[in-house]
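# Fold and geometry: a report
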Amino acid sequence: MTMQLIGWTLVHSVWEGGVIALVLAFAFWATRSSAASLRYAIGMIGLALMLVLPVATAARMDRQSSVVPSATKAPATPSAISAPASPSGVVSRSAPEPSSNDEALLAANSVEPAGTFAVIVDRRTWMLSTLEPALPWLVAAWLIGLVLLSVRMIGGVARTRRIVRDGTAAASEGVRLLVARISKNLGVRRAVRALEGSRLAVPVVVGWIRPVIVLPVSLVSGLTPSQLEMLLAHEIAHIRRYDYLANLLQTVVETLLFFHPAAWWLSDRIREERENCCDDIAVLACGGDRRNYTAALLALEESRDAGFGFAAAATGGKSGTLLRRALRLMTGGPAHVDLGARWIAGVITILAALFTTGPAMGRAADLTVPARLDVLGLLTDEPDTPKGMPDPAQSNPDTVLRYSGAGSFAERWRWAEQRARSLGSSRYWIGYLVAGDPSARSMYYSDRETPVRSGNSTFMGRMRIGSARDLIFTGAALAPLVGNHAPTSVAIFLQFDRAGGSDRLRRVHVGSFAFPVYFGGAPAIWLDSATDAESVAKLKSFAAGERTLEVRRDLVSAIGVHRDANAALPPLIGWLESRTESDAVRKEAAEVLGDYSDRRALAALARAARNDRSSNLRKEAIEAFEHMALAEATDTLLAFATTLESSSLRSVAVESLGERREPRVISFLTNLARGSGEPNLRTEAVEALGNMNQDGFAAIADLARNASNAEVRREAIEELADSQPPGRALDILREIIQSDPDRSVRLEAVETLAEVHDDRAAAILRDLVMRSLDPAVQVKATEALGDASPSESSVRELVMLARTHPRAEVRKEAIETLGDVDEETASTALISIAKSDADPELRRAAIEALGDQRSQASLNAVRDVARAIGPEDLRRQAMETYADHTDSQTAVAFLKSIITGDPSEAIRLEAVEILSELDHDAGIPAIRELAGSSGDSRVRNRARELLSER
């Protein structure tokens, strides 16, 4: 009885969860422009319903005390459908008999038995008769999955505990003060601890009663202070919202519903909206500066590629959560704009299969739980990774039918539809060819479901490809399947789904003929060539009746590959200027129109840029002018940069001018940068000139030397770092350092020197450290020297500076820089300074630097300073540094030895304080012991006070 009750509850939960997911998908779409907090609340309510509704169903079935009766299986009537043999002797699955107008070609891996069977079942009795005996197996499978995922969940808890305990140390004083200030600003009353971890790849929040933020050590040193503040605000927003607890409960629900794709889809959406909520809170906490906050997110992403341990989000070109978050913040638009979620499609497929297929459904289902990146209890900014890559073994179609007659495109299409009905497959492809770019300047690829890889990066969507040398495609080459064609011609494949009795367009693939196509094992029907007018008319007809937003966008993009402007421009301009079309489709049309060197496209884009109701579309229209091969496109952008009402849109126009490398554009941008107009436009003008590389170098160099505005000079200096070849900027930077009247400009030039990848940069920095008359320049050059060339010679030079430079501030900077160097030469010098230097301030800097090195020899030196008779402030710092950078057990033993044996009462009491602050309360047992039995009354009383304060 119990087994049947659980089994039927699981069965009912499939369709119940599917219905909830469909309702939520519509709710997400309807609230796509609302606050992220609303979508988050909707998602959490939906996830709770997915758990509560099956429980309520079980309770109702239990009250009725009825068991679903067994039914007699309806008689099956098999009928064999024989498949003809191909000329090579290999059987074509469900292939029609070849006629004079077609021929069956088979993929190499399609060998199957010669024949298939169709089985007819009475749907009304099948579910009871088939599922009733299978219920015990269904429940057993669910219990096994539940146990396995529960073990994973317990392992997640253990890993979470280790995150805080192992390889961590208290954050620097500056970070702790920053955390306290942000917590106060956000109304977080709980004490928030901040730790730095050497084994982390991403920042995490652990705990909700006594929350802890753990930051990678590389993050603290690799981001600017403002970027660090913004990212800390994001993490503290998690604490304010009790997201750790919400994530814990969410994972429990995921574990119980592990078999349901809709639960995983919804859980992914909830996690994404949770990050969006925290982004919104962090932006408000940082003064509403969305642009700089987005830059902080992207800096976090870049730090991964630079070796900071952040393996990115969407990495590079991946379409992951971080990219959607950045787009949402910068555009103010929705993060998701369509109802076509693939998990919802999966749920519909499961339901259709459940109620329409034959007795094969009585067999055990193959349920695959999607891989996840997040661990229980950890809230990370780690971007989503694609749920799975296409299986290369399924690249080929199982059957290829080619039209071999001379009919019109309309006749060939009708033939393809007839052949599709005879194939017996639920999905099939229809493909044909149109003329591509005859100049072969660029190739084209667009497929939202088949990624293209380059190194560790993954790209999906619409791409112009100049060279495919380093790209990896998943798919089958077209020439062996459909015959040879020009590589630059464009193949268009449309995949149809016959579910529900009607053929529904599901997927669009458009690519240069030279690129492979991933067919996923579905049959393909090839119609050969079509004119642009025929192809555009067909695609336009599909777009008119298509409701799925993603497919509509793909159809618009597909029309954009046709070179016949007379055929393609009317529908594209119509979509752009439509009052009823969605902004997503209109933006796609605007982007595509930029590929046409036609005055009709230019005029339509210009109208949209000035008058469109959507500011996001106006921005897209301006950007479409970047690569338009018309002189008028430059004229239009120049006019936009000075006449558009919106300052932000004028900035977009200025930025787009950076792609138009013409003398008059360089002159315009130079004058704009020198002028007294808006600061943001001056900055954009400098950056646009920098993007021109060789063409804009002379203008950038002149601005760096001679612009009257110091901020413009600083911006120009930054752009010099990317000059090619690198060495040509060195003389300009050295000249600025020697002669610019503004110290901030001189320091910017010093910092930029470290970013120039040229051997002479280090020599110039060394000369500045020793000979500059400006102390600030000497300090900045010392810091830059550590960044520019981390070689053995530079380490020796830093050691020499730390020991002998006549300026104490330079010595201190050299000491701090050595703390980032894990070499014996650096450690030896720091140990010597920490133990014996005459300047207490430099000794303190050396102690802190030794802690940063984390080597055993460095920590032993810090311990020796803490135990030696000397200035108490140095000993206190050494105790804190040693306790923060060693494991808890060693720290407790060390501090107890100080408390029981040190002659200084102040040092003993300080050791008690440090003992009480150890991570994970590792020192509390020792504090209790001291409170009860210490022979030192001051130590005993202080220990009791600390215990009472807890």
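## Section: the pattern of salt bridges
Within the structure shown, the criterion is met by 54 salt bridges. Across the pair Glu273 and Arg39 runs a salt bridge, and its minimum N-O distance is 3.0 Å. Taken as a pair, Glu273 in helix α8 (residues 261-285) and Arg39 in helix α2 (residues 36-64) lie far apart in primary sequence, 234 residues in all. What makes Glu273 buried here is its relative accessible area of 1%. Overlapping salt bridges, with partners in common, bring together Arg448, Arg553, Asp554 and Glu588 in one network.

## Here we look at the confidence of the model for the protein
On average, residues of the protein score 78 in pLDDT, and 79% of them reach the 70 mark or higher. Of all helices and strands in the protein, the one with the weakest mean pLDDT is strand β3 (residues 116-118) (26), whereas helix α16 (residues 565-576) scores best (96). Low confidence marks residues 303-319, where pLDDT is under 50. Its contacts with residues over four positions away, or in another chain, come to 52 contacts.

## Some words on a nonpolar patch on the surface
Judged by side-chain polarity, Trp15, Val19 and Val23 come together as a nonpolar surface patch covering roughly 270 Å² of accessible area. With a relative accessible area of 42%, Val19 lands in the partly exposed category.

## Quick notes on the packing of helix α30 (residues 792-804) against helix α32 (residues 824-836)
Orientation of α30 relative to α32, taken along the N-to-C sense of each, is 10 degrees, at an axis distance of 9 Å. In terms of axis orientation, α30 runs roughly parallel to α32. Seen from α30, the contacting residues are Val795, Val799, Ala802 and Arg803; seen from α32, they are Thr825, Ala826, Thr828, Ala829, Ser832 and Ile833. When grouped by side-chain class, the residues that make up the contact of α30 with α32 number 6 nonpolar, 3 polar and 1 charged.

## What about unusual backbone geometry?
Phi is positive for Tyr242, close to 55 degrees, though the residue is something other than glycine. Relative to the helices and strands, Tyr242 is located in the loop between α6 (225-240) and α7 (243-256). Residue classification places Tyr242 among the partly exposed residues on the basis of a relative accessible area of 41%. Not every positive phi belongs to a glycine, and Asp528 is a case in point at roughly 65 degrees. By the element assignment, Asp528 lies in strand β14 (residues 524-529).

## Some points on a negative patch on the surface
A grouping of Glu718, Asp722, Glu755, Asp787, Glu816, Asp820, Glu848 and Asp852 is seen on the molecular surface, where their side chains present a negatively charged patch. Examined against the element boundaries, Glu755 turns out to sit in the loop between α27 (743-753) and α28 (759-771). On the basis of relative accessibility, which here comes to 41%, the residue Glu755 falls in the partly exposed class.

## Re the pairing of strand β5 (residues 193-197)
Among the 5 residues that make up β5, 4 are buried, leaving the element largely enclosed by the rest of the structure. Where strand β4 (residues 168-170) and β5 come together, 3 bridges link them in antiparallel fashion. For Ala169, the partnering residue across the bridge sits in β5 and is Glu196. In the sheet, β5 pairs with strand β7 (residues 212-216) via 5 bridges, with the strands oriented parallel. In the sheet register, Arg193 faces β7, and the bridge partner there is Val212.

## A look at the packing of helix α24 (residues 697-706) against helix α26 (residues 730-739)
For the pair α24 and α26, the least separation of the axes is 10 Å and the interaxial angle reads 10 degrees. The orientation of α24 relative to α26 falls into the category roughly parallel. The interaxial crossing formed by α24 with α26 has right-handed handedness. Residue-level inspection shows Phe697, Ala701, Ala704 and Arg705 of α24 in contact with α26, the latter providing Ile732, Glu735 and Ile736. The residue inventory of the contact of α24 with α26, partitioned by class, reads 5 nonpolar, no polar and 2 charged.

## Digging into the environment of Ala589
Position of Ala589 relative to the elements: it lies in helix α17 (residues 583-593). On the basis of relative accessible area, Ala589 is assigned to the buried category, the value being 0%. It is 9.6 Å that separates the C-alpha atoms of Ala589 and Glu620, two residues lying 31 residues apart in sequence. Leave out the neighbours within four places in its chain, and Ala589 touches Val556, Leu572, Trp575 and Leu576.

## Notes on the state of the cysteines
Counting across every chain of the model gives 0 disulfides. The thiol of Cys277 is unpaired, and the distance to the nearest cysteine sulfur, on Cys278, comes to 6.7 Å. On the basis of relative accessible area, Cys278 is assigned to the buried category, the value being 0%.

Rules of the game
- Residues numbered from 1 in each chain as written.
- Predicted model: local features only at pLDDT ≥ 70, side-chain atom pairs only at ≥ 80, totals over all residues.
- Heavy atoms only, no water.
- Salt bridge = Lys/Arg side-chain N within 4 Å of Asp/Glu carboxyl O.
- Helix = DSSP H or I, 4+ residues; strand = E, 2+ residues; numbered from the N terminus.
- Buried < 20%, exposed > 50% of the residue type's maximum accessible area, 1.4 Å probe, protein only.
- pLDDT = per-residue confidence, 0-100.
- Contact = heavy atoms within 4.5 Å.
- Patch = residues over 30% accessible without salt bridge, like charges linked within 9 Å, V, L, I, M, F, W, Y side chains within 5 Å.
- Areas by Shrake-Rupley, 256 points an atom, 1.4 Å probe, with all protein chains shown as cover.
- Axes fitted to C-alpha atoms, helices over the stretch in contact; angles between N-to-C directions.
- Parallel < 35°, antiparallel > 145°, perpendicular 65-115°, else oblique.
- Nonpolar A, V, L, I, M, F, W, Y, C, P; charged D, E, K, R; others polar.
- Lys, Arg positive; Asp, Glu negative; His and termini not counted.
- Charge placed at Lys NZ, Arg CZ, Asp CG, Glu CD.
- Pairing = 2+ DSSP bridges.
- Left-handed = near helix turned anticlockwise from the far one by under 90°.
- Disulfide = S-S within 2.5 Å.

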